[in-house]
Amino acid sequence: MTSIIGKTIKGHTYYYSREVARVGGKPKVVSQRYLGKAADIEAAISGATVMPDRTRHLAFGDVAAVWEMLRRLKVTDIVDDVVGSRRSDAGASVGTYIALAVLNRVVDPCSKLAFETWWAKTAGERWLGLPPGALDHRRFWDAMDAISESRLEEIERRIVEAMVATFESTAQGSCWT
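Structural notes, computed from the coordinates. Note that the structure is predicted; figures quoted are calculated from it, not measured.

## Side note on the overall build of the protein chain
Okay, step 1: What the protein chain contains, in helices and strands, is eight helices and three strands.
Okay, step 2: The helix and strand sequence of the protein chain, counted from the amino end, reads β-β-β-α-α-α-α-α-α-α-α.
Okay, step 3: Taken over the C-alpha trace, the protein chain has a radius of gyration of 21 Å; the compact-globule value for 177 residues is 16 Å, which it surpasses by more than 25%.
Okay, step 4: In terms of principal-axis extent, the alpha carbons of the protein chain reach across some 70 × 35 × 30 Å.
Okay, step 5: Looking at the protein chain as a whole, 25% of its 177 residues qualify as buried.
Okay, step 6: If you take every contact in the protein chain between residues at least 6 apart in sequence, the share linking residues at least 24 apart comes to 47%.
Okay, step 7: Of the roughly 12,100 Å² of accessible surface on the protein chain, a fraction of 54% belongs to carbon and sulfur atoms.
Okay, step 8: Distance between charge centres in the protein chain, computed from 24 positive and 22 negative side chains, equals 6 Å.

## Here we look at the pairing of strand E3 (residues 26-36)
Okay, step 1: Looking at chain direction, strand E2 (residues 12-23) and E3 are connected through nine bridges and run antiparallel. Counterpart to Arg 18 in the pairing with E3 is Gln 32.
Okay, step 2: In sequence, E2 turns back onto E3 through a hairpin of two residues, with Gly 24 there showing a positive phi of about 60°.

## A few points about a nonpolar patch on the surface
Okay, step 1: A contiguous nonpolar patch, built from Met 69, Met 163 and Phe 167 and spanning about 250 Å² of accessible area, is present on the exposed surface.
Okay, step 2: Note on placement: Phe 167 falls in helix H8 (residues 149-167).

Thresholds, definitions, all that
Residues numbered from 1 in each chain as written. Predicted model: local features only at pLDDT ≥ 70, side-chain atom pairs only at ≥ 80, totals over all residues. Heavy atoms only, no water. Helix = DSSP H or I, 4+ residues; strand = E, 2+ residues; numbered from the N terminus. Rg over C-alpha atoms; globule rule 2.2 N^0.38 Å. Buried < 20%, exposed > 50% of the residue type's maximum accessible area, 1.4 Å probe, protein only. Contact = heavy atoms within 4.5 Å. Areas by Shrake-Rupley, 256 points an atom, 1.4 Å probe, with all protein chains shown as cover. Lys, Arg positive; Asp, Glu negative; His and termini not counted. Charge placed at Lys NZ, Arg CZ, Asp CG, Glu CD. Pairing = 2+ DSSP bridges. Patch = residues over 30% accessible without salt bridge, like charges linked within 9 Å, V, L, I, M, F, W, Y side chains within 5 Å. Salt bridge = Lys/Arg side-chain N within 4 Å of Asp/Glu carboxyl O.

Below you can see the structure in the form of structure tokens.
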């Protein structure tokens, strides 16, 4: 079901076309499109062209698809369960850093030093909301240093189990010894 809603931000009302559908038995916003202020909508209806002052194009589809797959496989949860919790000032969990590194390698590989710049060109921040400075390359190295070889083997075993369960397939052979 599509409806038009208004959001008041700092005293100005902005309008959006919002589509809501049932997902998993619960209502969920499945798409939302910015329409503008009332004057913008009125001008569009009367035939006038309203051009935005600026636009910002962010990578979305590939980033969202890979992040959803990582979520379905519970990669972050598995890594965090094996590695344990981190200090509260770490920026993000080890699992989050590993999932982000995997996401980057699948979508648009770059060095950890360039990761923060790449991330700023994606829509990922909209759903992850990490604190400023959390994507510094040294944070990735700290997270990776927290994973010993034995922990890595356990993470691998659990992710393979999650893949088999999620995709209802059978594992041929063994990935670990």
